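Survey of secondary and tertiary structure
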Amino acid sequence: QVQLVESGGGLVQAGGSLRLSCAVSGPTFSSFAVGWFRQAPGKEREFVSAISRSAYTSYADSVKGRFTISRDNAKNTVALQMNSLKPEDTAAYYCAAGLTGMSRYETRYDYWGQGTQVTVSS
């Protein structure tokens, strides 16, 4: 069974940085594309970033140039480095893994973590 566990969330001032990590259990990590999504209170969950099996990357326009996604297949982890954080980045952040390839759509992912909270104060 595949399980995803996010870590690294917290409270940070605007302009600061956080590094989220997604640990994926199971022997087939290298077969998964992994995405990050976020959900702010009262809003729908939205795409943030994704990385393919071959480490191609994709970003939402709102985070492009500020966030960087990477994967370490030896450690079964995907990281999301978040710089120049803004109050509007405040949300619960979720990682998800899927076998059908990198996508901006939630339905393409098969497994989800429980989320980690990121709060950016102004």
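Residues numbered from 1 in each chain as written. Predicted model: local features only at pLDDT ≥ 70, side-chain atom pairs only at ≥ 80, totals over all residues. Heavy atoms only, no water.

A short note on the overall build of the chain
Looking only at helices and strands, one finds 0 helices and 11 strands in the chain. Counted from the first residue to the last, the chain has its helices and strands arranged as β-β-β-β-β-β-β-β-β-β-β. For 122 residues, the compact-globule formula gives about 14 Å, and the C-alpha radius of gyration of the chain, at 13 Å, lands near that figure. Residues classed as buried in the chain amount to 44% of the 122 residues present. The long-range share in the chain, meaning contacts at least 24 apart out of those at least 6 apart in sequence, stands at 59%. Looking at the chain as shown, the accessible area adds up to about 6300 Å², and 47% of this sits on carbon and sulfur atoms. Charge-centre separation for the chain: the mean point of 12 positive side chains lies 5 Å from the mean point of 9 negative side chains. (Helix = DSSP H or I, 4+ residues; strand = E, 2+ residues; numbered from the N terminus. Rg over C-alpha atoms; globule rule 2.2 N^0.38 Å. Buried < 20%, exposed > 50% of the residue type's maximum accessible area, 1.4 Å probe, protein only. Contact = heavy atoms within 4.5 Å. Areas by Shrake-Rupley, 256 points an atom, 1.4 Å probe, with all protein chains shown as cover. Lys, Arg positive; Asp, Glu negative; His and termini not counted. Charge placed at Lys NZ, Arg CZ, Asp CG, Glu CD.)

Regarding the environment of Ser21
With respect to the helices and strands, Ser21 occurs in strand 3 (residues 18-24). The partly exposed category is assigned to Ser21, whose relative accessible area is 25%. Separated by 81 residues in the primary sequence, Ser21 and Met102 place their C-alpha atoms 18 Å from one another. Residue contacts for Ser21: discarding those within four places in its chain leaves Val5, Glu6, Ser7, Trp36, Thr77, Val78 and Ala79.

Considering the nonpolar core
Ranked by size, the top nonpolar core spans 34 residues in total, and within it Trp36, Phe67, Val78, Leu80, Met82 and Tyr93 carry the most contacts. Among the elements that take part in this core, strand 9 (residues 91-98) stands out by supplying 5 residues, more than any other. If we skip the residues at most four places from it in the chain, Met82 touches Gly16, Ser17, Leu18, Leu20, Arg66, Phe67, Tyr93 and Val118. (Core = buried A, V, L, I, M, F, W, Y, C linked by side-chain atoms within 4.5 Å.)

Some details on the sheet that holds strand 8 (residues 77-82)
Here 4 strands make up an open sheet; going across it, the order is 1-3-8-7 and the pairing antiparallel. In this open sheet, the two strands that pair with only one neighbour each are strand 1 (4-7) and strand 7 (67-72). Adjacent strand axes in the sheet meet at a mean angle of 15° when their direction is disregarded. In the sheet, strand 1 pairs with strand 3 via 4 bridges, with the strands oriented antiparallel. Counterpart to Leu4 in the pairing with strand 3 is Val24. (Pairing = 2+ DSSP bridges. Axes fitted to C-alpha atoms, helices over the stretch in contact; angles between N-to-C directions.)

Section: the pattern of salt bridges
In this structure the tally under the stated criterion is 5 salt bridges. Here Arg45 ties to Glu106 by a salt bridge, and the two come within 3.0 Å at their closest N and O atoms. Here Glu106 lies in the loop between strand 9 and strand 10 (111-112) and Arg45 lies in the loop between strand 4 (33-39) and strand 5 (46-51), a separation of 61 residues in the sequence. Of the charged contacts in the structure, one is a salt bridge between Asp89 and Arg66, with a shortest N-O distance of 2.7 Å. Of the two residues, Asp89 sits in the loop between strand 8 and strand 9 while Arg66 sits in the loop between strand 6 (57-59) and strand 7, which places them 23 residues apart along the sequence. (Salt bridge = Lys/Arg side-chain N within 4 Å of Asp/Glu carboxyl O.)

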